[in-house]
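Structural overview for review
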Amino acid sequence: MKRLTSLVTVAALLLAVVAPTAKAAPPIAHREVLPNGIVLLVAERPAVPIVAVRTYSRAGAVLEPPDRAGLAALTGSLLTRGTAKRTGPELDSAIEFVGASLEAGAGRDGMSVSLGVLKRDLGLGLDLMAEVLLSPTFPEAEFKRKVAQTQAAIKRSEEDPGTVAGRALARLVFPNHPYGRPPEGTVESLGRITRDDVVRFHREHVRPDTAIIAVVGAVTVDEARREILARFGGWAKPTTPPVAVPAPGPSGTPREETIKRDLSQATLLFGRQSIRQTDPDYFPLAVAAYVLGGGSASRLYGRVRDEGGLAYAVYAYNNPARYAASFAVSAATRTAEVPRVIEIVREEMTRMGREPVSDRELKLAKDYLIGSFPLRLDTSGKVADFIVSVESLGLGLDYADRYKERIAKVTAADVQRVAAKFFAPATYDRVVVGALP
Amino acid sequence: MRRALFIVVLLAWLAGPVHAQSTDGVVATTLDNGLRVLLLEDHRSPIVSFQMWYRVGSRNEQRGATGIAHFLEHLMFKGTPTYGPRQFAQLVEQNGGQDNAFTSQDVTSYYVNIASDKINLVIDLEADRMHNLLLDPREINSEREVVIEERRTRTEDDPGGFLGEEVSSLAFKAHPYQSPIIGWMEDVKRITPEEIRAFYKTYYVPNNAILVAVGDFKAPEVLERVKARFGAIASAPAPPPMLAVEPVQNGERRVRVSKEAQLPIVYLGYHVPTYKSDDAPALELLSTILSSGRASRIYRRLVYERQLALEAGGDYSYFSFDPPLFWFWGTPMPGQTPETMEKALTEEMERLKTEPVTDEELTRARNQTEASFVFQEDSVHRRAALLARFELIGGYAGKDKFLDRLRGVTAADVQRVARTYFTDDKKNVGVLIPRP
């Protein structure tokens, strides 16, 4: 232990000395803006002959009309169901014949197409990717099929207490913002969506001037640029400006909701609005979240699981997105112990704001958050997802380095201050799903 | 911190591209105490995946003590005299690592993925808990409640998990594959600390374990440390062999359960042989043909064309130690009945018997399998797990032979295995009916 500490001190000193030259470290990816506005990101990882490609469009659920929840996700999932050149089954057969995958979908903020392909089949993979993004035909039969499948999947997801609780909590935390609606939609909202809605949503929001394309793997920057320009260079940007999304208003008085299900275990979910990476308090909040309920050394894990034997899963986490963020605490416990778990969660949240975390806890959290970063970037797919994420959130490609620097500077006083601000139990909405009276 | 990282990145850069696509380069050795060690250098990222695989799972359990292997997996994180309760996780996390474990019917596996300069810490921790586990009765009782909660999440409150348990216990009468990995609830509640200790002493011995590490290290240095730490652990008598053999099934078995759920579920399980059989490659390829991707047979026919199923597929476990079930499953779309679902799955099976699969299907399935191996090369964690998987069934280098076996499969082979194994006398059916 002693040795470890002194090593860290030496490292901290070195950090201070070498900080100015650290900029010379190779950036995580090459970035350039193509003539039509596409941001192209390329990371060369030559060792394994595979390539991961991502396209990201600012075409998420936040842009749906309020009565058309699920439109973005539906549009995304229909991209691979037919293009000007190929039917859906032809696309499936073509990509799977070479052992590759091409998946499309949309979440709250964006619509993505993901390609994973052997290097030797990159040309084919990019051809198909460009087709599905630029010239999807949204055939009527495919539209009807996908609506029915999505409605069935939503019905089935009602079996999963975590999903049920998450949907209810989003509605409570973001009552007046698109984040309050389920991105997959509801059985009813999907019933209202027409094929024309899908065509229009794609036309308006999938556009080069807000698009990001990341190419990661066994390619060079020149090769990636050439291949992307050949397929996406002629994509013209529309004359209308991209649509703006307002920030959410306050969520109002915290509410509690109980959803009855005939289950042996109850799922608890607490949540409130919080902050995203652009707020300086984001970094102390990340440390606070880790101490409270991040890993198996966290306070909630210790009291609820290790000592209490009350739950298999208990977590606290911040959940940042492009337009807003939420903080959540979750646990699942046998029905009879719900009051006790609620009490422990409230106590521990309050204690985080009342007294400073110990030096040991602070150090563990910071060392983990900083030291585990390489594990988040150890495959081409993970690197591609990461660089698209930081670019789409406007965080900059040096975010990984800045993140580590900011986390390293967090003090126990910082943690206590943000905990007092964000962990007060009285400010949390609460959902319980289970066999409660 | 940052400087150290920068140097490592630079060194990897200077070293140039690493060509490590085959199992060449694996340093394989068996220590005097029987511990099998597989080390593979991979210098692309400054990380390592360190994994311990024990040849013990639910197949090694006795009636009345089901779930003991999985229970013990939880307790492996509850401390030794050197590293107290919770210290394993704390040490791993404060060194930026991620750890977890899983138990299957055949094996129990532990992994730590961590910055490669921390590998010595992990070697020390894993060697220590192989033979010094505390197994404090108080910790055991507290963890028992956690396992019970896990069972509620996975089985009691999960329709698919619940039905799977019912079908397995129906399909196997003599073989321990009949019981759930997590154990029957009453057994989990009952198992004593003494039984757990005895189970630990029997199976957590060097001659019953495989150590695999893949990552940014020098194999000779790691081997030296492994020898120093694990080499000191005494060899033990070979764990008792699992002798149960499932008798031949004579006639269809069927179970219907009712459970709070939104949609019905249908499972079909057919008794099939292990990887040792000449039929295994055809079964493996068939499972890919049936359900890998949207062009696969069951997806294309039942989900896409006929729109009978929300999801459906078929699966064979090539790595199973003992003869497993070939599973078919389907969740009918709202408005469709489980009877229709079962009939449609059975029709697909019958079609396999009467019409040979196409060349395109065979080639696609082979290409998918081969490509998946290349994709797995990108992750040190998956590389290590794959080495272990093949080592467990006869040798880490078996991957190449596996691909050769798949290449040899013909349409006639697929037809033959379908005719041989998808018969009524090997059939086990489970249907879950949603309770209103």
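Residues numbered from 1 in each chain as written. Chains lettered and ligands numbered in written order. Predicted model: local features only at pLDDT ≥ 70, side-chain atom pairs only at ≥ 80, totals over all residues.

The subject of this paragraph is the overall build of chain A. On a plain count of helices and strands, chain A comes out with 16 helices and eleven strands. In terms of overall dimensions, chain A is globule-like: its C-alpha atoms have a radius of gyration of 23 Å, near the 22 Å expected for 437 residues. In terms of principal-axis extent, the alpha carbons of chain A reach across some 60 × 60 × 40 Å. For chain A, the residues scored as buried account for 51% of the 437 residues in total. (Helix = DSSP H or I, 4+ residues; strand = E, 2+ residues; numbered from the N terminus. Rg over C-alpha atoms; globule rule 2.2 N^0.38 Å. Buried ≥ 20, exposed ≤ 12 C-beta atoms within 10 Å, placed from the backbone.)

Assigned secondary structure in chain B consists of 16 helices and eleven strands. Compactness check: chain B gives a C-alpha radius of gyration of 23 Å against a globular reference of 22 Å for 436 residues, within 12% of the reference. Over its C-alpha atoms, taken along the principal directions, chain B stretches across nearly 60 × 55 × 40 Å. In chain B, which comprises 436 residues, the proportion classed as buried is 53%. Across chain B, contacts joining residues at least 24 apart in sequence account for 81% of those joining residues at least 6 apart. (Contact = placed C-beta atoms within 7 Å.)

Here we come to the domain arrangement of chain B. All names here are of chain B. Parsing chain B into structural domains produces domain 1 (20-230) and domain 2 (253-435). With centres defined by C-alpha atoms, the gap from domain 1 to domain 2 works out at 27 Å. Tallying the contact residues gives 35 residues for domain 1 and 30 residues for domain 2. Counting only elements with at least two residues in the side of domain 1 that touches domain 2, the list comes to β2 (36-41), β3 (47-54), β5 (108-115), α6 (159-171) and β6 (209-215). Ranked by residue count, the leading element in the side of domain 1 that touches domain 2 is α6, at nine residues. Broken down by class, the residue content of the side of domain 1 that touches domain 2 amounts to 20 nonpolar, ten polar and five charged. (Domains from an automatic or database assignment. Nonpolar A, V, L, I, M, F, W, Y, C, P; charged D, E, K, R; others polar.)

In this section: the interface of chain B and chain A. Listed per partner, the contact involves 59 residues of chain B and 61 residues of chain A. Mapped by element, the contributors of at least two residues to the side of chain B that touches chain A are α1 (2-15), α3 (87-94), β5, α5 (137-156) and α13 (359-376) of chain B. Taken together, the residues of the side of chain B that touches chain A sort by class into 21 nonpolar, 18 polar and 20 charged.

A separate point is the nonpolar core. Formed by 127 residues in total, the largest nonpolar core has its most connected members in Val287(A), Ala288(A), Leu211(B), Val212(B) and Ala213(B). Top element by residues in this core is helix α10 (residues 282-293) of chain A. It accounts for nine residues. Not counting chain neighbours up to four residues away, the residues in contact with Ala213(B) comprise Leu39(B), Val48(B), Ser49(B), Phe50(B), Ile119(B), Val222(B) and Ala384(B). Counting 68 residues, the second-largest nonpolar core is a separate cluster that includes Val62(A), Ala72(A), Ala130(A) and Phe138(A). (Core = buried A, V, L, I, M, F, W, Y, C linked by C-beta atoms within 7 Å.)

Residues and elements named next belong to chain B. By the element assignment, Glu 61 lies in the loop between β3 and α2 (68-75). The class of Glu 61 is buried, set by 24 C-beta atoms lying within 10 Å. Separated by 104 residues in the primary sequence, Glu 61 and Glu 165 have C-alpha atoms spaced 16 Å apart. Ignoring sequence-local partners within four residues, the contact set of Glu 61 consists of Thr 66, Ile 68, Ala 69, Pro 176 and Ser 179.

Before going further, it helps to spend a moment on unusual backbone geometry. Residue and element names in this part refer to chain B. In this structure, Arg 86 takes a positive phi of about 75° despite not being glycine. Tracing the backbone through its elements, the reader meets Arg 86 in the loop between α2 and α3. A positive phi angle, near 50°, is found at Leu 135, a position not held by glycine. For Leu 135, the location among the structural elements is in the loop between α4 (119-131) and α5.

What follows concerns the packing of helix α13 (residues 359-371) of chain A against α3(B). The geometry of α13(A) relative to α3(B) is characterised by a closest axis approach of 7 Å and an angle of 55° between their N-to-C directions. One element, α13(A), and the other, α3(B), form an angle in the oblique class. Side by side, α13(A) and α3(B) meet where Lys363(A), Leu364(A), Asp367(A) and Tyr368(A) of the first sit next to Gln90(B), Glu93(B) and Gln94(B) of the second. Its residues assigned to classes, the contact of α13(A) with α3(B) comprises two nonpolar, two polar and three charged. (Axes fitted to C-alpha atoms, helices over the stretch in contact; angles between N-to-C directions. Parallel < 35°, antiparallel > 145°, perpendicular 65-115°, else oblique.)

With that settled, the discussion passes to the sheet that holds strand β8 (residues 265-271) of chain B. Strand pairs in the sheet, formed through backbone hydrogen bonds, run parallel or antiparallel to each other. Residue and element names in this part refer to chain B. Spatially, the five strands line up as an open sheet ordered β7-β11-β8-β10-β9, and their pairing is mixed. Edge strands, defined here as strands with exactly one partner in the open sheet, are β7 (253-260) and β9 (309-315). Averaged over all adjacent pairs, the angle separating strand axes in this sheet is 15°, with direction ignored. With six bridges joining them, β8 and strand β10 (residues 325-332) adopt antiparallel strand pairing. By the bridge assignment for β10, Tyr 267 is matched with Trp 329. Sheet strands in contact with helix α10 (residues 280-291) are β9 and β10, and its direction is about 170° off that of β9. (Pairing = 2+ DSSP bridges.)

In this section: the pairing of strand β11 (residues 429-434) of chain A. Residues and elements named next belong to chain A. Among the six residues of β11, six are classified as buried, and the element is accordingly described as predominantly covered. By the alternation rule, side chains of β11 split into Asp 429, Val 431 and Val 433 and Arg 430, Val 432 and Gly 434, which are all buried. Across five bridges, strand β8 (residues 265-273) lies against β11 in antiparallel orientation. Paired with Leu 269 across the two strands is Val 431, which belongs to β11.

Residue and element names in this part refer to chain B. Averaged over all residues, the pLDDT of chain B equals 93, while 95% of them reach at least 70. Note on residues 1-22: pLDDT is under 50 here. Beyond four places in sequence and across chains, it has 26 contacts. Two summary scores accompany this predicted model of the complex, namely pTM at 0.92 and ipTM at 0.91. (pLDDT = per-residue confidence, 0-100.)

As a further point, take the pairing of strand β4 (residues 101-106) of chain A. All names here are of chain A. Of the two faces of β4, the one holding Leu 102, Ala 104 and Ala 106 is buried and the one holding Ser 101, Glu 103 and Gly 105 is not buried anywhere. Where β4 and strand β5 (residues 111-118) come together, six bridges link them in antiparallel fashion. Within the sheet, the bridge partner assigned to Glu 103 lies in β5 and is Ser 114. Hairpin remark: β4 followed by β5, antiparallel, with four residues in the connecting loop.

Further remarks concern helix α14 (residues 380-392) of chain A. Residues and elements named next belong to chain A. Helix length check: α14, at 13 residues, gives a terminal C-alpha distance of 18 Å against a target of 18 Å (1.5 Å per residue), a fit within 8%. Burial analysis of α14 places ten of its 13 residues in the buried class, the great majority of the element. Those residues of α14 lying buried are Ser 380, Val 383, Ala 384, Asp 385, Phe 386, Ile 387, Val 388, Val 390, Glu 391 and Ser 392. On its buried face, α14 is in contact with β2 (39-44), β3 (50-57), β6 (212-217) and α15 (399-409). The positive-phi residue at the C-terminal boundary of α14 is Gly 394, with phi of around 70°. (Expected span 1.5 Å × (residues − 1).)

Okay, the domain arrangement of chain A next. All names here are of chain A. The domain architecture assigned to chain A consists of domain 1 (30-232) and domain 2 (256-434). One C-alpha centre belongs to domain 1, the other to domain 2; they are set 29 Å apart. Counting residues at the interface gives 30 residues for domain 1 and 29 residues for domain 2. Sorting the residues of the side of domain 1 that touches domain 2 by element identifies β2, β3, α6 (161-173) and β6 as the ones contributing at least two each. The leading source of residues in the side of domain 1 that touches domain 2 is α6, at nine residues. Here the side of domain 1 that touches domain 2 is built from residues that sort into 19 nonpolar, six polar and five charged.

Below, the discussion takes up the environment of Thr202(B). Residues and elements named next belong to chain B. Here Thr 202 shows up in helix α8 (residues 193-203). What makes Thr 202 partly exposed here is the crowd of 16 C-beta atoms within 10 Å. Between the C-alpha atoms of Thr 202 and Val 146, which are 56 residues apart in sequence, the distance is 24 Å.

On to the sheet that holds β5(B), then. Residues and elements named next belong to chain B. With respect to topology, six strands assemble into an open sheet ordered β1-β2-β6-β3-β5-β4, the strand pairing being mixed. Two strands close off the open sheet at either side, each with one partner strand: β1 (27-30) and β4 (98-103). Direction aside, the axes of adjacent strands within the sheet are offset by 10° on average. Pairing between β1 and β2: four bridges, direction antiparallel. Note on β2: the bridge partner recorded for Ala 28 is Leu 38. Across the sheet, α2 touches β4 and β5, and the angle it forms with β4 is around 165°.

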